[in-house]
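# Structural description and commentary
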Amino acid sequence: MREVQQERAIATRQHLIVSAAAVFDAEGFVGASLGKIVKEAGTTRGALHFHFPAKESLAIAVLREHNDRMTAVVERITQGEGSALEQIVDISRTTARMIDKDIVVRAGTRLLMELTYTGDLPLAYRMWIDACEDKVRKAIEDGDIVPAVSPEAVAYLVISSLAGVEMVSSVVSGRDDLDRRVEEMWEILLLGLVPADRKWKVAGLLASGAREET
């Protein structure tokens, strides 16, 4: 019986997180209210407060879930096949798709931009930058990125560019052009980062992105 109750509690908590994500995505942190989240979840304030005492705790839970999902993506891709450069590009493409399709990832991305953080909060940007920096170092060793650049600076630029592309695409087109804008971002970045004798890889990477769009 206790196991059944625990499973129900876990399922209820997850449902509340997804419902809160839908409201945060639509309204932002300031515009979201516990009343709207209760209505979205189809539950009561008492049930909500049992799991989450305040809107801030719900936002943190959405961010943690967002972080867990994106960490899983980074780990899956970096542990798979493909060169370090290919993995960097693949992570950004997969992130863009998840922002477009996954309500928790999309809400978490919005909260990351809206909230001011103190204490031990799940800062996904730091995780993405660190993972990207490791791959940039490996790509330089592989000869796929010019050695003159700073791996830290490249990683910061890639993640910042992706975040900016997502934000502008969301405002301008409701993310309808997000995939195309990510590919344009990579065309510009790759032409500057890849050595002259490896430019043939740029065409291959961009072609693979074009195939995924269709």
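In what follows, the structure referred to is the one given above.
About the thresholds
- Residues numbered from 1 in each chain as written.
- Predicted model: local features only at pLDDT ≥ 70, side-chain atom pairs only at ≥ 80, totals over all residues.
- Heavy atoms only, no water.
- Patch = residues over 30% accessible without salt bridge, like charges linked within 9 Å, V, L, I, M, F, W, Y side chains within 5 Å.
- Areas by Shrake-Rupley, 256 points an atom, 1.4 Å probe, with all protein chains shown as cover.
- Salt bridge = Lys/Arg side-chain N within 4 Å of Asp/Glu carboxyl O.
- Helix = DSSP H or I, 4+ residues; strand = E, 2+ residues; numbered from the N terminus.
- Buried < 20%, exposed > 50% of the residue type's maximum accessible area, 1.4 Å probe, protein only.
- 1 Å grid on protein atoms, 1.4 Å probe; cavity = no way out; pocket = protein on both sides within 12 Å on 5 of 7 lines; lining within 4 Å.
- Points joined across faces, edges and corners; volume = space filled by probe spheres on them.
- Nonpolar A, V, L, I, M, F, W, Y, C, P; charged D, E, K, R; others polar.
- Arc of directions from axis to C-beta.
- Axes fitted to C-alpha atoms, helices over the stretch in contact; angles between N-to-C directions.
- Parallel < 35°, antiparallel > 145°, perpendicular 65-115°, else oblique.
- Left-handed = near helix turned anticlockwise from the far one by under 90°.
- Contact = heavy atoms within 4.5 Å.

## Thoughts on a nonpolar patch on the surface
- On the surface, a cluster of nonpolar side chains totalling about 490 Å² of accessible area is made up of Met113, Met167, Val168, Val171 and Val172.
- Per element, the largest residue contribution to the nonpolar patch is 4 residues, and it comes from helix α8 (residues 151-173).
- For Val171, the position within the fold is in helix α8.

## Thoughts on the pattern of salt bridges
- Counted by the stated rule, this structure contains 16 salt bridges.
- A salt bridge links Glu27 to Lys36, with the shortest nitrogen-to-oxygen separation between them at 3.6 Å.
- Take Lys36: its relative accessible area is 38%, and that puts it in the partly exposed class.
- Notably, a salt bridge pairs Asp177 with Arg181, separated by 2.9 Å at the nearest N-O pair.
- What emerges from the salt-bridge pattern is a single network uniting Asp177, Arg180, Arg181 and Glu184.

## Focus: the layout of surface pockets
- Empty space within the largest pocket amounts to approximately 150 Å³.
- Mapped onto the lining of the largest pocket, the elements with two or more residues apiece are α6 (103-114) and α8.
- The leading source of residues in the lining of the largest pocket is α6, at 5 residues.
- Taken together, the residues that form the lining of the largest pocket break down as 3 nonpolar, 2 polar and 6 charged.

## Structural notes on helix α2 (residues 34-41)
- Those residues of α2 lying buried are Leu34, Ile37, Val38 and Ala41. The buried residues of α2 occupy one face: seen down the axis, they fall within an arc of 100 degrees.
- In the segment just after α2, Gly42 is the residue with positive phi, at about 65 degrees.

## Let's talk about the packing of α8 against helix α9 (residues 178-193)
- In the contact formed by α8 and α9, the axes pass within 9 Å of each other and the chain directions differ by 155 degrees. It follows from the interaxial angle that α8 and α9 lie roughly antiparallel. Between α8 and α9 lies a crossing whose hand is right-handed. Taking contact as the criterion, the partners of Val154, Leu157, Val158, Ser161, Leu162, Val165, Glu166 and Ser169 in α8 are, on α9, Leu178, Arg181, Val182, Met185, Trp186, Leu189 and Leu193.
- In the contact of α8 with α9, the residues fall into 11 nonpolar, 2 polar and 2 charged.

## Describing empty space enclosed by the protein
- A full pass over the atoms with the stated rule returns 2 cavities of 30 Å³ or more.
- Quantified by volume, the largest cavity comes out at close to 110 Å³.
- Together, Val74, Ile88, Ile91, Ser92, Thr95, Trp128, Ala131, Cys132, Val158, Ile159 and Leu162 line the largest cavity.
- For the lining of the largest cavity, the secondary structure elements donating two or more residues are α5 (84-101), α7 (124-142) and α8.
- Considering every element that reaches the lining of the largest cavity, the biggest residue donor is α5, with 4 residues.
- Considered as a void within the structure, the second largest cavity measures approximately 60 Å³ in volume.
- Lining of the second largest cavity is provided by Thr95, Ile99, Thr109, Tyr125, Trp128, Ile159, Leu162 and Ala163.
- Sorting the residues of the lining of the second largest cavity by element identifies α5, α7 and α8 as the ones contributing at least two each.
- The element best represented in the lining of the second largest cavity is α8, accounting for 3 residues.

Take it as geometry only, folks, not as evidence of what the structure does.
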